[in-house]
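Working through the structure, step by step
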Amino acid sequence: MASVTLRKVDKFYGGFQALRAVDLDIADGEFVVFVGPSGCGKSTLLRTIAGLEGSFSGSIAIGGKDVSRAAPSDRGVAMVFQSYALYPHMTVRQNMDFGMRVNKVDKAERDARIANAARILQLEPYLDRKPAALSGGQRQRVAIGRAIVREPQVFLFDEPLSNLDAKLRVQMRVELEALHRQLRATMIYVTHDQVEAMTMADKIVVLNEGRIEQIGKPLDLYHRPASQFVAGFIGSPAMNFFRAAHENGAARYGRFVVPLPAAEPVAEGEAITIGVRPEHVKATKATGGGPAAGTVEGGVAVKETLGDETILYVDIGADRWTVRVESETPIEAGDTVALSIQPRKLHVFDASGKALIQ
Ligand code: ATP
């Protein structure tokens, strides 16, 4: 197993820059997840590490060795794709065996590695079947098995669970987490599913237009996003954002007032945005006497009952708040509710999207 180090990696497709000055340190044995919206460069970054993207500038080291110009097969990586990419005419055993045979691993060693991977992935009953006779989850396990038998220094996963239905996705996610604990391998995993990112990652890398926006542990990104972009991307339902007034060193939204750090160079009157997560808003039925200090009032436009929780959409002037409440709430669509928040749960961003309070 090995560390992975990227320095100033730029990647162009013709005139289009897909990766911008990417610096990244992945420790030996770490599970790192790349997330970001479609087109932000997640797959390009993974494929560049794999050596599948041709020319780029900057450097990539795996296990302390510079592999920037090395062929994919010499980098010690194994990649698992969303499409599985299995050979349809080969059995499960032959699919796992193929790469090792090409690399001239001896027969006894190949058999031992296949037996081990089949045991870890519970594929023993299927070794003599062809991919067409397997479920999606089983096929994906074969693709992972093919990576395991190569004994790579680093596993690279490109949205490996996207083709599976919701239930199987969760099951495979848990299996992959267990696999990581068992192999203690360095794993890099691309997904646009932020639940996968939050649950699997030791470290999340959030990408935005080819640039690293923030790197951190899942809960650090959740509690202390450095920008509005990260705040809006991590967490589901997404964080609420509203324009606020900047007065006397505080952000003011209705009757919410949040003091800003004195050191922040935000000009008085400059547009700022407050952010609050749906789970950090408390909703109670309004009493009819107008909003109490520290609360704002609005009407419930929509109520969504999800079983384990209920989501309210509350209109406050032109703003629509998403509020997560207990499933058994007595609040109904059409009710007037008072919303309150603990000030320390509020996020504030300047006009460029930079977090002013973390
Ligand atoms: P998704 O979640 O949709 O897979 P992604 O974050 O993985 O997105 P990439 O596939 O890395 O995004 O693509 C990053 C950008 O580079 C996109 O704008 C894409 O159109 C562009 N791109 C990717 N491959 C090529 C290519 N071979 N030629 C030109 N542009 C490309």
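Here, the structure is the one placed above.
**Brief notes about the overall build of the chain**
Check the secondary structure of the chain and you find eight helices and 20 strands. Judged by the C-alpha coordinates and their principal axes, the chain covers about 80 × 45 × 35 Å. Buried residues in the chain amount to 49% of all 358 residues. When the accessible surface of the chain is summed, it comes to about 16500 Å², and 50% of that surface belongs to carbon and sulfur atoms. Put simply, the chain has 43 plus and 42 minus side-chain charges, and the middle of one group is 5 Å from the middle of the other.

**Here's the deal with helix α3 (residues 107-120)**
Because each turn of an α-helix spans 3.6 residues, side chains separated by three or four positions end up pointing in the same direction. With 14 residues, α3 extends 20 Å from end C-alpha to end C-alpha; this agrees with the ideal 20 Å at 1.5 Å per step. Of the residues flanking the start of α3, the one acting as N-cap is Asp-106, its side-chain oxygen 3.2 Å from the backbone nitrogen of Ala-108. One or two steps after α3, the chain reaches Gln-122, where phi turns positive at roughly 55°.

**Comments concerning the side chain of Glu-159**
One can find Glu-159 in the loop between β7 (154-158) and α5 (166-183). In this structure Glu-159 is buried but unpaired, with Lys-42 as the nearest side chain of opposite charge at 4.8 Å. Polar contacts involving the side chain of Glu-159 include one to the side chain of Ser-162, which spans 3.0 Å. Reaching out from Glu-159, the side chain makes a polar contact with the side chain of His-192 at a distance of 2.9 Å. For Glu-159, the contacting residues outside a window of four places in its chain are Lys-42, Gln-82, Val-190, Thr-191 and His-192.

**Describing the nonpolar core**
One finds Met-96, Ile-144, Phe-157, Leu-176, Tyr-189, Ile-204 and Ile-234 to be the most contacted residues of the largest nonpolar core, which totals 46 residues. Leu-176 has contacts with Ile-144, Phe-157, Leu-161, Tyr-189 and Met-200, leaving out every residue within four places of it along the chain.

**Regarding the site of the ligand**
What surrounds the ligand is the set Tyr-13, Phe-16, Ala-18, Pro-37, Ser-38, Gly-39, Cys-40, Gly-41, Lys-42, Ser-43, Thr-44 and Glu-159. Gly-39 is positioned such that a nitrogen or oxygen atom in its backbone is 2.8 Å from an oxygen atom of the ligand. A distance of 3.1 Å separates an oxygen atom of the ligand from a polar backbone atom of Cys-40. In isolation the ligand offers 630 Å² of accessible surface; the protein chains occlude 57% of this area. If you list the elements that add at least two residues to the shell around the ligand, you get β2 (16-26) and α1 (42-50).

**Looking at the packing of helix α2 (residues 92-102) against α3**
Between α2 and α3, whose axes approach to 10 Å, the crossing angle comes to 135°. Viewed along their axes, α2 and α3 adopt a mutual orientation that is oblique. Note that α2 runs across α3; the crossing there is right-handed. Along the contact surface, α2 presents Arg-93, Met-96, Asp-97, Met-100 and Arg-101, while α3 presents Arg-110, Arg-113, Ile-114 and Ala-117. Classifying every residue of the contact of α2 with α3 gives four nonpolar, no polar and five charged.

**A few points about the pairing of strand β19 (residues 336-341)**
By the bridge criterion, five bridges tie strand β15 (residues 281-285) to β19 in an arrangement that is antiparallel. Bridge pairing in β19 links Lys-285 to Val-337. Two elements, strand β16 (residues 295-305) and β19, share five bridges in a ladder whose sense is antiparallel. Its bridge partner being in β19, Thr-295 is matched across the sheet by Ser-340.

**Thoughts on the sheet that holds strand β3 (residues 31-35)**
Strand order in the open sheet formed by six strands is β6-β7-β8-β3-β9-β10, with mixed pairing between adjacent strands. A single partner strand is all that each edge strand has here, and the edge strands are β6 (77-81) and β10 (211-216). Neighbour-to-neighbour, the strand axes of this sheet turn through a mean angle of 20°, independent of strand direction. Pairing geometry for β3 and strand β9 (residues 203-208), over four bridges, is parallel.

**Focus: the pattern of salt bridges**
The full count for this structure, using the stated rule, is 19 salt bridges. Asp-220 is the partner of Arg-224 in a salt bridge, and the nearest nitrogen-oxygen pair spans 2.8 Å. Accessibility expressed as a relative area gives 40% for Arg-224, which makes it partly exposed. Asp-220 sits in the partly exposed class, given a relative accessible area of 31%. A salt bridge links Arg-252 to Glu-247; the shortest N-O distance between them is 2.7 Å. Given a relative accessible area of 32%, Glu-247 falls into the partly exposed group.

**Focus: the pairing of strand β14 (residues 272-276)**
Extensive coverage of β14 is indicated by the burial of five of its five residues. The side-chain alternation of β14 yields two buried faces, one formed by Ile-272, Ile-274 and Val-276 and the other by Thr-273 and Gly-275. Bridge analysis of strand β11 (residues 240-247) against β14 gives five bridges, and the strand direction is antiparallel. Residue pairing in the sheet places Phe-241 in a bridge with Gly-275 of β14. Direction of pairing for β14 relative to strand β20 (residues 347-349): antiparallel, over a ladder of three bridges. Looking at β20, one finds that Ile-274 is bridged to Val-348.

What counts as what
Residues numbered from 1 in each chain as written. Predicted model: local features only at pLDDT ≥ 70, side-chain atom pairs only at ≥ 80, totals over all residues. Heavy atoms only, no water. Helix = DSSP H or I, 4+ residues; strand = E, 2+ residues; numbered from the N terminus. Buried < 20%, exposed > 50% of the residue type's maximum accessible area, 1.4 Å probe, protein only. Areas by Shrake-Rupley, 256 points an atom, 1.4 Å probe, with all protein chains shown as cover. Lys, Arg positive; Asp, Glu negative; His and termini not counted. Charge placed at Lys NZ, Arg CZ, Asp CG, Glu CD. Expected span 1.5 Å × (residues − 1). Polar contact = N/O pair within 3.5 Å; in protein donor to acceptor, adjacent residues only side chain to side chain. Salt bridge = Lys/Arg side-chain N within 4 Å of Asp/Glu carboxyl O. Contact = heavy atoms within 4.5 Å. Core = buried A, V, L, I, M, F, W, Y, C linked by side-chain atoms within 4.5 Å. Near = heavy atom within 4 Å. Axes fitted to C-alpha atoms, helices over the stretch in contact; angles between N-to-C directions. Parallel < 35°, antiparallel > 145°, perpendicular 65-115°, else oblique. Left-handed = near helix turned anticlockwise from the far one by under 90°. Nonpolar A, V, L, I, M, F, W, Y, C, P; charged D, E, K, R; others polar. Pairing = 2+ DSSP bridges.

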